[in-house]
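Per-entry structural report
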Amino acid sequence: DSGVTQTPKHLITATGQRVTLRCSPRSGDLSVYWYQQSLDQGLQFLIHYYNGEERAKGNILERFSAQQFPDLHSELNLSSLELGDSALYFCASSSRWREGRNYGYTFGSGTRLTVV
Amino acid sequence: SQKIEQNSEALNIQEGKTATLTCNYTNYSPAYLQWYRQDPGRGPVFLLLIRENEKEKRKERLKVTFDTTLKQSLFHITASQPADSATYLCALEREYGNKLVFGAGTILRVKS
């Protein structure tokens, strides 16, 4: 267990629907990152939140949005789903502000989204 | 945008040998370069981080080198074991705390 919790582990939904993926970072970590991993694209950065504020955006579609709440958990909302959105979605947290700059990110086990 | 190249072909080696994986990048030099291990269906696991002013870093059987002139990092696993079989990802960070950009990864297979 990495300490980063993602729910649900699996999600199957139909095209056009909307889903919400949830992430709880490691205790004390202020940064949350969302990544999408599909077979043909590898790990793609979506968005970064730090202590409730958006810090960086990747190639995130307009149909996707995210937020980080006061308790530091984060949600990724995916709407108007298309078949091509089927992928593994990972959340990661970082504690480098506490542990120093020699540490990387801690990833969760991911949510596998299947759009049918 | 930053482009990261890792060996697209799987690396097959014999147990006990040293595995060497390559990461080449274009455009800007990253402030931090990281290596991760990923097993099928699992999240990446952080292994090592090296900064732009560091040449080499070691951790147990792992060693990372960073050559900003060649724009290349090498990742070595010495005395490799079948349990080291996984996909290894190189990732670059332009600034501290900024987004981490990943390469496609190299599959390593260690045969006994």
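The paragraphs below set out a description of the structure included in this document. Treat the numbers as computed from the prediction; the structure is a model and nothing was measured.

Right, let's talk about the overall build of chain A for a bit. Across its full length, chain A holds one helix and eleven strands. Computed over its C-alpha atoms, the radius of gyration of chain A comes to 14 Å, within 12% of the 13 Å expected for a compact globule of 116 residues. By principal-axis analysis of the C-alpha atoms, chain A measures approximately 45 × 25 × 20 Å. Among the 116 residues that make up chain A, the fraction classed as buried is 53%. For chain A, the share of sequence-separated contacts (at least 6 apart) that also reach a separation of at least 24 residues comes to 56%. Carbon and sulfur atoms make up 46% of the accessible area of chain A, which totals about 5,700 Å². Chain A carries 11 positive and 11 negative side-chain charges, and their two centres are separated by 4 Å.

Turning our eyes to something else, we now look at the sheet that holds strand E8 (residues 72–77) of chain B. Residues and elements named next belong to chain B. With respect to topology, five strands assemble into an open sheet ordered E1-E3-E8-E7-E6, the strand pairing being antiparallel. Each end of this open sheet is capped by a strand with a single partner; those strands are strand E1 (4–6) and strand E6 (56–59). Within this sheet the neighbouring strands show an average axis-to-axis angle of 15°, counted without direction. Two strands pair when backbone bridges link them, and E6 and strand E7 (residues 62–67) are joined in this way by four bridges, in the antiparallel orientation. The residue bridging Lys-57 from the neighbouring strand is Val-64, located in E7.

Counting from both sides, the interface comprises 20 residues of chain B and, opposite them, 21 residues of chain A. Between chain B and chain A, roughly 1,700 Å² of surface is buried when both sides are summed, and carbon and sulfur atoms account for 52% of that area. Between chain B and chain A we count zero salt bridges in total. Remark: the boundary between chain B and chain A carries three residue pairs in polar contact (both at pLDDT 80 or more). Looking at the side of chain B that touches chain A, the element that brings in the most residues is strand E4 (residues 32–38) of chain B, giving four residues.

To continue, consider the packing of aromatic side chains. Residues and elements named next belong to chain B. Using the criterion set out here, one finds 13 aromatic pairs over all chains in the structure. Here Tyr-36 and Phe-46 contribute two aromatic rings whose centre-to-centre distance is 5.6 Å and whose plane-to-plane angle is 65°, an arrangement assigned as edge-to-face. Of this pair, Tyr-36 sits in strand E4 while Phe-46 is found in strand E5 (residues 45–51), placing the two residues ten residues apart along the sequence. Here Tyr-36 falls in the buried class, since its relative accessible area comes to 0%.

Let us now look at the state of the cysteines. Two cysteines joined by a covalent bond between their sulfur atoms form a disulfide. Evaluation of the coordinates by the stated rule reveals two disulfides over all chains. Bridging Cys-23 of chain A to Cys-91 of chain A, the disulfide has an S-S length of 1.8 Å. Taking the sign of the S-S torsion, about -50° here, the bridge from Cys-23 of chain A to Cys-91 of chain A comes out left-handed. One end of the pair, Cys-23 of chain A, is in strand E3 (residues 19–24); the other, Cys-91 of chain A, is in strand E9 (residues 87–94), and 68 residues separate them in sequence. On the basis of relative accessibility, which here comes to 0%, the residue Cys-23 of chain A falls in the buried class. In this model Cys-23 of chain B forms its disulfide with Cys-90 of chain B; the gap between the sulfur atoms is 2.0 Å. The S-S bond linking Cys-23 of chain B to Cys-90 of chain B shows a torsion near -60°; that makes this disulfide left-handed. Remark: Cys-90 of chain B occurs in strand E9 (residues 86–93) and Cys-23 of chain B occurs in strand E3 (residues 19–25); sequence separation between them is 67 residues.

Rules used in this analysis
- Residues numbered from 1 in each chain as written.
- Chains lettered and ligands numbered in written order.
- Predicted model: local features only at pLDDT ≥ 70, side-chain atom pairs only at ≥ 80, totals over all residues.
- Heavy atoms only, no water.
- Helix = DSSP H or I, 4+ residues; strand = E, 2+ residues; numbered from the N terminus.
- Rg over C-alpha atoms; globule rule 2.2 N^0.38 Å.
- Buried < 20%, exposed > 50% of the residue type's maximum accessible area, 1.4 Å probe, protein only.
- Contact = heavy atoms within 4.5 Å.
- Areas by Shrake-Rupley, 256 points an atom, 1.4 Å probe, with all protein chains shown as cover.
- Lys, Arg positive; Asp, Glu negative; His and termini not counted.
- Charge placed at Lys NZ, Arg CZ, Asp CG, Glu CD.
- Pairing = 2+ DSSP bridges.
- Axes fitted to C-alpha atoms, helices over the stretch in contact; angles between N-to-C directions.
- Buried area = accessible area lost by both parts, 1.4 Å probe.
- Salt bridge = Lys/Arg side-chain N within 4 Å of Asp/Glu carboxyl O.
- Polar contact = N/O pair within 3.5 Å; in protein donor to acceptor, adjacent residues only side chain to side chain.
- Phe/Tyr/Trp six-rings, centres within 6.5 Å; stacked < 30°, edge-to-face > 60°.
- Disulfide = S-S within 2.5 Å.

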